[in-house]
Amino acid sequence: KRDRFGLDDLATFGALFGRAQKDAPMVEVEEVPCLGACQKGPVVAIEHKEFDGTVALEGMTDGEFDARVFYNIVTEEDADRVWGSVTDAIEIMSQEEEEEEE
């Protein structure tokens, strides 16, 4: 799918890595082998140290939410959708932590 856009194999990784470095350096971006949905790839999964496996986030389609992965992340707009979901989750968790401390 990346070929249609003239992108290399690391385009999706690079798009998310760049966003993390700029906006949230505490987020680790890693390349991994197939996540079991290669036919719907490139696929992006999100993990959190307090949860086992990948997590579902607001902003995912129903199918993505059930599978706990983002499908067909090819374009910058796709990466923006993933990154928006990640930053929204970070904000929500931060607010919850602040409320627990009060």
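Cut-offs and rules
Residues numbered from 1 in each chain as written. Predicted model: local features only at pLDDT ≥ 70, side-chain atom pairs only at ≥ 80, totals over all residues. Heavy atoms only, no water. Core = buried A, V, L, I, M, F, W, Y, C linked by side-chain atoms within 4.5 Å. Buried < 20%, exposed > 50% of the residue type's maximum accessible area, 1.4 Å probe, protein only. Helix = DSSP H or I, 4+ residues; strand = E, 2+ residues; numbered from the N terminus. Expected span 1.5 Å × (residues − 1). Contact = heavy atoms within 4.5 Å. Axes fitted to C-alpha atoms, helices over the stretch in contact; angles between N-to-C directions. Parallel < 35°, antiparallel > 145°, perpendicular 65-115°, else oblique. Left-handed = near helix turned anticlockwise from the far one by under 90°. Nonpolar A, V, L, I, M, F, W, Y, C, P; charged D, E, K, R; others polar. 1 Å grid on protein atoms, 1.4 Å probe; cavity = no way out; pocket = protein on both sides within 12 Å on 5 of 7 lines; lining within 4 Å. Points joined across faces, edges and corners; volume = space filled by probe spheres on them. Phe/Tyr/Trp six-rings, centres within 6.5 Å; stacked < 30°, edge-to-face > 60°. Lys NZ or Arg CZ within 6 Å of the ring centre and 35° of its normal.

Participant: Tell me about the nonpolar core, and please be specific about residues and values.
Facilitator: Of all hydrophobic cores here, the largest spans 16 residues; its most connected members are Val44, Ile46, Leu57, Phe70, Val82 and Val86. Among the elements that line this core, the one with the most residues is helix 3 (residues 76-101), at 5 residues.

Participant: Describe helix 3, with residues and values.
Facilitator: Spanning 26 residues, helix 3 covers 37 Å between terminal C-alpha atoms, matching the ideal 38 Å at 1.5 Å per step. Listed as buried for helix 3 are Asp78, Ala79, Val82, Trp83, Ser85, Val86 and Ala89. Check the buried side of helix 3 and you find it contacts helix 1 (11-23).

Participant: Can you lay out the packing of helix 1 against helix 3 for me, pointing to particular residues and giving the numbers?
Facilitator: Interaxial distance between helix 1 and helix 3 falls to 10 Å at its minimum, and their mutual angle equals 45°. Here helix 3 runs oblique to helix 1, going by the angle between their axes. Two packed elements cross with a definite hand, and for helix 1 against helix 3 that hand is right-handed. Within the contact between the two elements, helix 1 uses Ala15, Leu16, Arg19, Ala20 and Asp23 and helix 3 uses Glu76, Ala79, Asp80, Val82 and Trp83. For the contact of helix 1 with helix 3, a count of residues per class yields 6 nonpolar, no polar and 4 charged.

Participant: Quick one: what's the story with the layout of surface pockets, residue by residue and with numbers?
Facilitator: The space that makes up the largest pocket amounts to roughly 1600 Å³. Together, 48 residues line the largest pocket, and Val27, Glu28, Ala45, Ile46 and Glu47 are the ones closest to its centre. Per-element accounting of the lining of the largest pocket gives the leading share, 13 residues, to helix 3. For the lining of the largest pocket, the residue count by class is 27 nonpolar, 7 polar and 14 charged.

Participant: For the packing of aromatic side chains, give the residues involved together with the corresponding values.
Facilitator: If you walk through the whole model with that rule in mind, you get 1 aromatic pair. Where phenylalanine 13 meets phenylalanine 17, the ring centres are 5.6 Å apart and the plane angle is 20°; that geometry is what we call stacked. A residue pair is termed a helical-turn pair when its members lie 3 or 4 positions apart in one helix, as phenylalanine 13 and phenylalanine 17 do in helix 1 at 4 residues. Relative accessible area serves as the criterion here: at 35%, phenylalanine 17 is assigned to the partly exposed category. Across from the ring centre of tyrosine 71, 4.6 Å away, lies the NZ or CZ of lysine 40, which sits over that ring.

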